[in-house]
Amino acid sequence: MKKLLLTAFVMFFAVVLVACGGKTTTAAPTTAAPTTAAPTTAAPTTAAPTTAAPTTAPTTAAPTTQPVPIYETRVTNDTYTLLLQSSTMDGIFSPYFYSSAYDGDVVGLVSVGLLTMDQTGAVVASDYYPTVANGYSIYYTDNLTTLASKEEYVEGDYVVYEMVIKNGAKFSDGTVIDADDVLYNYYVYLDPAYNGSSTLYTLPILGLGDFRTQVVNSASLAPLADAILAADERVSGYTTTEAYTEAQHDAYWAAFQTAGVNFATEITNYVKTKYLTDAYVQAYFHPEMTAAEIAASPALIVAYGMGMWGYGEISTDKLTFTGATGTEYVAADLTNEDYWYEIITANSDEFGKIDFTGGYQGLSDYESAGSDFVASAKELFISSYAVEGSVPSISGLRKGTKTIGSETFETVIIILTEQNPKAILSLGVTVAPQHYYTAGYTPTAGSIVNYGVEFDNPAFMDHLATFNGAPMGAGSHKFVGVDAGDGTVSFERNTYFETMGGVNVYNSNIDNIALKIVSSGAEYSALEAGDVHYATVSATADVMEDVALNEDLVAVLVDNLGYGYILTNPQVFPNINFRIALTTVFDLTKVLDYYPSGLADIIYRSQSQVSWAYPENATAIYPFDGTLEAAKSYFTAAGMTFTDGVVSDFGGNKGSVADPIIFTLPSDASAHPAGGVFLRAQELLATIGITAQIVSDPNLIANIKKGPIGVYALAWQSSADPDMYQVNHYMSQAESVISNGIVWLYENGNDDELGTVMVEKLDGTTEEMNQTEALTYLGFLIEEAVKYMLPEERKPIYNLALQLLAQLNIEIPTYQRKNLFVYNGSIIEQTTLSTSVTPYWGPLAEIWKVSFAEGVAGNVEVEVIVGYQE
C-alpha cells in the first residue's frame, strides 16, 4: 500500500490518506486445507574431498573440481543522490503511529515486515525477499498442548500461524533480529493503551481478551451479564438460580447503576454543548432564564438536560423541578444520579421491571446521546473482576524453535480461536527493533511487562512516540534526517541489509536517497525541472502526451490500489438529507475531464475496483441531478425553505453568504481530480441561492485530524484485503473514524429528525433505521464478514456493507484511477527497475537493485558473485 510500492520488503496494514491516491489489499490465502509456505534454506555447497590414490609408480594427482562462480556486474554509487517525489508529511515516521502515506514512505525505506506481498498480492516470506520470517505455515489444531495439526477445520478448532524467523538477519545498527523483536511489536499493537492505526487487536487471538481486561476467562462473564439483565431483578432482588450467584447478580446491577449515571451525564453534557443558548432556554425550558444562569450551576445544567430530554420541568419560581415520575426535587440539588433514576423508573412498571419497547436495549438506543448503557454495564461488570497481574501475557502468542534440515530456527506462534481471512495480513507487522524503541524507558515497579512493553500505560506509548522523528529498522536504507528548510528527508545505505535474505537481497546499489516534498499537482513539473528523478504523477491526457514527447522520461502505467472520494462530514452536516442534497450536485463525470481516455473510472462504492470486494454493476445511490430538483427536495427535508426555487430560509443550515458551505482541496481546483466537481457544484448551488466556497489547503491531511472539516476531497490507499473495520467501524481505534465523523455520528445520530435510511439486511428484510442504528448494523456486517475465510463467502456481506455505507453518504466514492510512475531515464537505469509492475508491486519494489544510468557522476562498476554453476 506504499505510494512508492515498497511492499516487497515491508507490509503496512493501516489504511492511509493521500492527497490523491488509494486503500491496500492482499489477497488472503485461499485455503480449503491449511496452506504452508515452506521456509527456503539454501543448502551449503561443499566440494567433495579428493584423495590421491597410493601407488608405487609415479602418479599424477587427480584433478579437483572447483565450483565455477557466476558473476554479476553492478553499478554502485556513493555520491549522487536519488531524488524521489513525496508530498507534505506529518513528520510521524513511526511504524506504530503514522497515518499519512507520505510518512509511510519513510517507514517503508527504513523498515521490513515479518511478511510481505509478491507481484500477485500473495503473502510470502523466504530468503528471496527481505522479510524477517524465513517462511510461515497455517494449520488447524484441537490440542493446545501439542498443537498437533489437523487435516480439516471444524467448528471449535484453533487456527495456528507459525512464523519461522531468519537466522542472522540484522537491524541497521548491526543488532541481530530475533523472535523477541517480533513479539515485542505484537505486544505494542495489542496493548489497551495503543492508539495508532493498526487493528491487530481485532483478531481473535487466544487469550487476548483476558489479557486486555485482566480478567481470567473474561468471555464466560458476558453470558452471565446477559442472563442477569434478562431476569430483570434490579428492584425485586436476587432469586436463587444455578445460572449465576447472588454476588454476581449484585455486581452486575452495581455496574448497571454506574453505567446508567454515566449515560445520564453524557446526555446532560450533550444538551449543554448543543442547546445551551438563550433562544433554546427561553423557548423550551423557562422564559425568564438565561444560558449563563444555567451554565453557572451544575444542578441547573442537570435540570436543563432533563427538561430538554423530556424528563421533567422546572417550576415557575425556578426553585423546584418535577421529574417524569412525579418526584419533586430541589432544583439546586439535582444530580445525574437523580436524572438516571428518572430515566429508569419512568420506563419501568410498578414491580420495577423494564416497560419499554425493546427492553433495556431499546431504551438505551432511544435515549442515547452516543453511548449504550447496556453495553457499558456489561463492560463494567466484566472489569469488576479484573485483577491486575492475573493475566500476565497473551496465551495465544508463543515462542519456540524449529529444525529445518540441519539448521535450527526461532519461531513465533500465533493461535486464533476461529478462522479469520484477514489475519495473515495483520500478522505481517513491520518489525521495529525492541532495543531501540524501549531504550530509556523504565517500567513502573510491579507492572506487567512483556518484551519491554509495559501493560496499559499511556506513558509507554508516549515514550514510543518520542521516536516518531527518528525511525530505525532493517530496511534497505537508514534514516538520516529532515531538512529544516524544505522538508526533504534523507537516507543512506543500510550496510546490514544484505543479511535480510539470500542472493536476491543485497546492500543497495545507491547509497544516498532523498524524499523531496513536491506540492500536490506539481509532480510532473518537478520531474521536467529535474527537481526529482522519480514521481507518481496524475495520469492526465496532457501528461501522457508530454511524456511521449520527452526523450528522457519513461512512464509506467498500472491500476491504482485505491480510490478517490469526497467526504461530507456528519459532524458538520448531521442531517443526512443535507449530505444527500450535496451529493446530487456533484457531477462525477467532471473527474473524467481530469483523467480522460480511460485513465480513470467513476465508481459508486467505497472500495478499489482492483479488489474482489467491489460489487459488480454498482450504481449511484444518490445520482447527480443537474435540474436541482433532487437537491431542493433533500435540502427541504433538512429544514431549508425555498421560494420560487431559491432559498428563503436556511433553517439553521450552512449555505448563506455569512455561513457558506466550504469545499476543501489539498491543491488548487485546477490541479485536483475533484476540482471540476466542486466548481460545477458551486455554480449549481448559486442558482438556488446557496453559497459554496472552494478552499485550497496543502496541509489538509494533517488538518482534518485537528477538527471537523465539512467537505473535502482526498483518496485512500487500500490494503490487498479490504479493511472496512479500520475506516468504517464506529468502534475502530483508528484516527480516520474520528476525522471522517463516524464516531461522532454514532454517538449523536440516534435522532430520526436527522434522517433515516432503509437498510437491506442479511436475512433479506428491509428496516428503516436512524443513522446510529445504521452505523450499528454496518458494524455488525463488517464483523460478520471476517468470520469467513473465502472471498466468495464474504463478498455478499461486503456488498450490503458497502451499500449501507453509500446510503449514509459520509464518504462519496468518486473515481478509480491508474497510477502513473514516471522517471528520468537519463538518471535511472531502466533495466534495474522492476519490470512486472502490478497494483501490489511497483517499479521501486526492489529499490536496492536500482542503479543510476550510464554517465551519472560517481558510478562505479563492481563484480559480485551471485552463485555457482552446477
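Check the entry above for the structure.
Remember, it's a predicted structure, so these values are computed and weren't measured experimentally.

Trainee: Looking at this structure, how should I read the overall build of the chain?
Mentor: Each helix and strand in the chain was counted, giving 26 helices and 31 strands. The C-alpha atoms of the chain give 31 Å as radius of gyration, which agrees with the globular expectation for 870 residues (29 Å, within 12%). Along the longest, intermediate and shortest principal axes, the C-alpha atoms of the chain span 130 × 70 × 50 Å. Each of the 870 residues in the chain was classed as buried or not, and the buried ones make up 55%. When the accessible area of the chain is evaluated, it comes to approximately 34500 Å², of which 51% is carbon and sulfur surface. The distance from the centre of the 36 positive side-chain charges to the centre of the 99 negative ones in the chain is 4 Å.

Trainee: I'm lost on the nonpolar core in this one. Help?
Mentor: In globular proteins that are soluble, nonpolar side chains generally tend to be buried together. Grouped together as the largest cluster of nonpolar side chains are 139 residues, with contacts concentrated most on Tyr96, Leu114, Tyr161, Met163, Tyr186 and Ile414. For this core, the element with the most residues is helix H2 (residues 179–190), which contributes nine residues. One finds Ala526, Val543, Val547 and Phe650 within the second-largest nonpolar core, a separate group that totals 53 residues.

Trainee: So what exactly am I meant to see when it comes to the side chain of Ser736 here?
Mentor: Topologically, Ser736 is positioned in helix H23 (residues 736–739). Setting aside anything within four residues of it in sequence, one finds Ser736 in contact with Trp716, Gln726 and Val727.

Trainee: Before we go on, may I ask you to explain the environment of Met89 in this structure?
Mentor: By the element assignment, Met89 lies in the loop between strand E4 (69–86) and helix H1 (101–110). Every residue in contact with Met89, bar those within four places of it in the chain, is listed here: Tyr102, Asp103, Val106, Val489, Leu515 and Ile517.

Trainee: Where do I start with the pairing of strand E29 (residues 766–770) in this structure?
Mentor: Note that strand E28 (residues 756–760) and E29 share five bridges and pair antiparallel. Following the sheet pairing, Met758 is matched in E29 by Glu768. The loop that links E28 with its antiparallel partner E29 comprises five residues; one of these, Gly764, has a positive phi angle of about 90°.

Trainee: Would you explain the sheet that holds strand E11 (residues 328–330) in this entry?
Mentor: Consider a sheet: its strands pair through backbone hydrogen bonds, and that pairing is either parallel or antiparallel. In spatial order, the strands read E9-E10-E11; together these three strands make up an open sheet with antiparallel pairing. The open sheet has two edge strands with one neighbour each: strand E9 (312–314) and E11. The sheet shows a mean angle of 20° between the axes of neighbouring strands, direction not considered. Sheet topology note: the E9/strand E10 (residues 320–323) ladder contains three bridges and is antiparallel. Residue pairing across strands places Gly312 opposite Gly323, the latter belonging to E10.

Trainee: I keep staring at the packing of aromatic side chains and nothing clicks. Help me out?
Mentor: By convention here, two paired aromatic rings are described through the distance between centres and the angle between planes. Taken as a whole, this structure holds 53 aromatic pairs when the rule is applied. Relative to Phe852, the ring of Tyr80 lies with its centre 5.1 Å away and its plane at 90°, an arrangement referred to as edge-to-face. Taken as a pair, Tyr80 in strand E4 and Phe852 in the loop between strand E30 (811–824) and strand E31 (859–868) lie far apart in primary sequence, 772 residues in all. Residue Tyr80 is classed as partly exposed on the basis of its relative accessible area, which comes to 29%. Here the guanidinium or amino end of Arg74 rests over the ring plane of Tyr506, the centre of that ring lying 3.4 Å away.

Trainee: Can you walk me through the layout of surface pockets in this structure?
Mentor: Taking a probe equal in size to a water molecule and rolling it over the atoms shows the remaining empty space. Quantified by volume, the second largest pocket comes out at close to 1200 Å³. Lining the second largest pocket are 38 residues, with Tyr270, Tyr275, Asp751, Glu753 and Leu754 sitting closest to its centre. Counting only elements with at least two residues in the lining of the second largest pocket, the list comes to helix H5 (246–275), helix H6 (278–284), helix H10 (359–367), helix H24 (742–748) and E29. Broken down by class, the residue content of the lining of the second largest pocket amounts to 17 nonpolar, ten polar and eleven charged.

What counts, and at which threshold
- The residue numbers shown here count from 1 along each chain, following its written sequence.
- Where totals are concerned, whole chains, interfaces and linings use all residues; where local detail is concerned, this predicted model gives features only for residues with pLDDT of at least 70, and gives and counts side-chain atom pairs only at 80 or more.
- Water and hydrogen atoms play no part in the side-chain values, which are based on all heavy atoms of the structure.
- Secondary structure is summarised from DSSP: a helix means a run of H or I of at least four residues, a strand means a run of E of at least two, and numbering begins at the N terminus for each.
- When we talk radius of gyration, it's over C-alpha atoms, and the globule rule is simply 2.2 Å times the number of residues to the 0.38.
- The classification of residues rests on relative accessible area computed with a 1.4 Å probe and restricted to protein chains. Under 20% of the type maximum is buried, over 50% is exposed, and intermediate values are partly exposed.
- Each accessible area is a Shrake-Rupley result for a 1.4 Å probe, and residues are judged covered by the shown protein chains and nothing else.
- Only four residue types enter the charge count: Lys and Arg as positive, Asp and Glu as negative, with His and the chain ends excluded.
- Taken as the charge location is NZ of Lys, CZ of Arg, CG of Asp or CD of Glu.
- In these notes, a set of buried Ala, Val, Leu, Ile, Met, Phe, Trp, Tyr and Cys residues joined through side-chain atoms within 4.5 Å is what counts as a nonpolar core.
- Two residues qualify as a contact provided that any one of their heavy atoms is within 4.5 Å of a heavy atom in the partner residue.
- Only strands that DSSP links by at least two bridges are regarded as paired with each other.
- Note on method: axes are straight lines fitted to C-alpha atoms, helices fitted across the in-contact stretch only, with angles between N-to-C directions ranging 0 to 180 degrees.
- Note on ring pairs: Phe, Tyr and Trp rings are taken, using the six-membered ring of Trp, and paired if centres are within 6.5 Å. Classes follow the plane angle, with under 30 degrees stacked, over 60 edge-to-face and the rest tilted.
- For a ring to carry a charge above it, either NZ of a lysine or CZ of an arginine must fall within 6 Å of the ring centroid while also lying within 35 degrees of the normal to the ring plane.
- In the cavity and pocket records, a cavity denotes points on a 1 Å grid over the protein atoms alone where a 1.4 Å probe fits but cannot get out, a pocket denotes an open set with protein on both sides within 12 Å along at least 5 of 7 lines, and lining residues are residues with an atom within 4 Å of a point.
- Grid points are joined across faces, edges and corners, and a volume is the space filled by probe spheres set on the points.
- Throughout, the ten residues Ala, Val, Leu, Ile, Met, Phe, Trp, Tyr, Cys and Pro are labelled nonpolar, Asp, Glu, Lys and Arg are labelled charged, and all others, Gly among them, are labelled polar.

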